[in-house]
Amino acid sequence: MTDPLALFDEWFAEARTAEINDPEAMSLATVGSDGQPSVRMVLMKGHGPEGFVFYTNEQSAKGEQLRDNPRAGLLFHWKSLRRQVRVEGPVERVPGGDADAYFASRGRDSQIGAWASDQSRTLDSRGTFEARFEGVERKFDGQDIPRPPHWGGYRVVPERIEFWSDRPHRLHERRLFTREGDSWRAGLLYP
Ligand SMILES: Cc1cc2nc3c(=O)[nH]c(=O)nc-3n(C[C@H](O)[C@H](O)[C@H](O)COP(=O)(O)O)c2cc1C
């Protein structure tokens, strides 16, 4: 196969049937202006040749790092299939209309949470967060909840995609696709 996105679709479809939960969970690695790498899980909410999309609070630690250095690494590890996929490239903001549509599809409590959470900021007690949650709930009582201005999506545009699969005796297979203009160069890596 010469199209890594088609191969990703194939592997992701298998992961959806094999993984007990969250096959769309991916590690997101970012590096801010201090050079310190940081990694956390997010959920992939869209993917294709244009990139791999996730949503978050833009004022979070990851949001600040992406503002300073708009590049990221993603890692999917599908344990039950003994496979990983690594994606690297620049990061773009998802258009506001797409973020609005995804936000509107979330459950009401998740929408309230997005307003109530100062993601990545210090919290003095769980009670403070619960009180903020209830405050937002009251504020929007009986109304649709709009997307918070600080909440949106990012798209990691793939420049490199590597597919790793387990083989006996640690003779694993690594297939690397590197973007060259509108096409992809395919090769292998030693395990
Ligand atoms: C399986 C899983 C999926 C997650 N998905 C998201 C997500 O899509 N967006 C998000 O902001 N945080 C998500 N989180 C929480 C993040 O891992 C992280 O705690 C949070 O975004 C704050 O990260 P930061 O302080 O580095 O910005 C998820 C956590 C787990 C374990």
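Before going into details, it helps to say that this report is about the structure given with it.

Definitions and cut-offs
Residues numbered from 1 in each chain as written. Predicted model: local features only at pLDDT ≥ 70, side-chain atom pairs only at ≥ 80, totals over all residues. Heavy atoms only, no water. Helix = DSSP H or I, 4+ residues; strand = E, 2+ residues; numbered from the N terminus. Polar contact = N/O pair within 3.5 Å; in protein donor to acceptor, adjacent residues only side chain to side chain. Contact = heavy atoms within 4.5 Å. Near = heavy atom within 4 Å. Areas by Shrake-Rupley, 256 points an atom, 1.4 Å probe, with all protein chains shown as cover. Phe/Tyr/Trp six-rings, centres within 6.5 Å; stacked < 30°, edge-to-face > 60°. Buried < 20%, exposed > 50% of the residue type's maximum accessible area, 1.4 Å probe, protein only. Arc of directions from axis to C-beta. Pairing = 2+ DSSP bridges. Salt bridge = Lys/Arg side-chain N within 4 Å of Asp/Glu carboxyl O.

**Looking at the side chain of Arg174**
- Relative to the assigned elements, Arg174 resides in strand β9 (residues 173–180).
- In terms of polar contacts, Arg174 uses its side chain to reach the side chain of Glu162, at 2.7 Å.
- Not counting residues within four places of it along the chain, the set of residues in contact with Arg174 comprises Arg86, Glu162, Phe163, Trp164, Gly187, Leu188, Leu189, Tyr190 and Pro191.

**Looking at the site of the ligand**
- Looking at the ligand, the residues that line it are Asp22, Arg40, Met41, Val42, Leu43, Tyr55, Thr56, Ser60, Ala61, Lys62, Gln119 and Ser120.
- Here an oxygen atom of the ligand and a side-chain polar atom of Arg40 are 2.8 Å apart.
- Within the contact set of the ligand, an oxygen atom lies 3.2 Å away from a side-chain nitrogen or oxygen of Gln119.
- Expressed as a share of its isolated accessible area of 620 Å², the protein-covered part of the ligand is 64%.
- Put simply, the parts of the chain that give the shell around the ligand at least two residues each are β2 (37–43), β4 (51–57) and α2 (61–68).
- Ranked by the residues each element gives to the shell around the ligand, the list is headed by β2, at 4 residues.

**What about the packing of aromatic side chains?**
- Throughout the structure, instances matching the rule amount to 15 aromatic pairs.
- Ring centres of Trp11 and Phe163 lie 5.2 Å apart, and the angle between their planes is 85 degrees; on these two criteria the pair is classed as edge-to-face. Here Trp11, found in helix α1 (residues 4–18), pairs with Phe163, found in strand β8 (residues 160–165); they are 152 residues apart in sequence, far enough to count as distant.
- Residue class for Trp11 comes out buried when judged on its relative accessible area of 7%.
- On the accessibility criterion, Phe163 (0% relative accessible area) is buried.
- The interplanar angle of 25 degrees and the centroid separation of 4.5 Å between the aromatic rings of Tyr55 and Tyr102 together place this pair among those described as stacked.

**Focus: the environment of Glu64**
- Turning to its location among the elements, Glu64 is positioned in helix α2.
- As for Glu64 and Ile20, which are separated by 44 residues in sequence, their C-alpha atoms are 33 Å apart.
- Setting aside its immediate chain neighbours within four residues, Glu64 contacts Glu58, Gln59 and Arg121.

**Some words on helix α3 (residues 96–105)**
- Among all positions in α3, only Ala99, Tyr102 and Phe103 are buried. Viewed end-on, α3 has its buried residues packed into an arc of 100 degrees, placing them on one side of the element. For α3, the exposed residues lying more than 90 degrees away from the buried face are Ala104 and Ser105.
- Along its buried surface, α3 packs onto β4, α4 (108–116) and β7 (151–156).

**A few points about the pairing of strand β5 (residues 71–78)**
- Looking at chain direction, strand β1 (residues 25–31) and β5 are connected through 3 bridges and run antiparallel. When the bridges of β5 are listed, Ser27 appears paired with Leu75.
- Across 8 bridges, β5 lies against strand β6 (residues 83–93) in antiparallel orientation. The residue of β6 that forms the bridge with Leu74 is Val87.
- With antiparallel pairing between neighbouring strands as the criterion, β5 and β6 make up a hairpin whose turn holds 4 residues, including Arg82 at a positive phi of roughly 55 degrees.

**What to know about the pattern of salt bridges**
- For the structure on display, the rule yields 12 salt bridges.
- Among the salt bridges present, the one from Arg155 reaches Glu92, with a minimum N-O distance of 4.0 Å. Within this pair, whereas Arg155 is found in strand β7, its partner Glu92 is found in strand β6, the two being separated by 63 residues in sequence.
- Through salt bridges with shared partners, a single ionic network connects Arg86, Glu162 and Arg174.

That is the geometry; function is a separate question.
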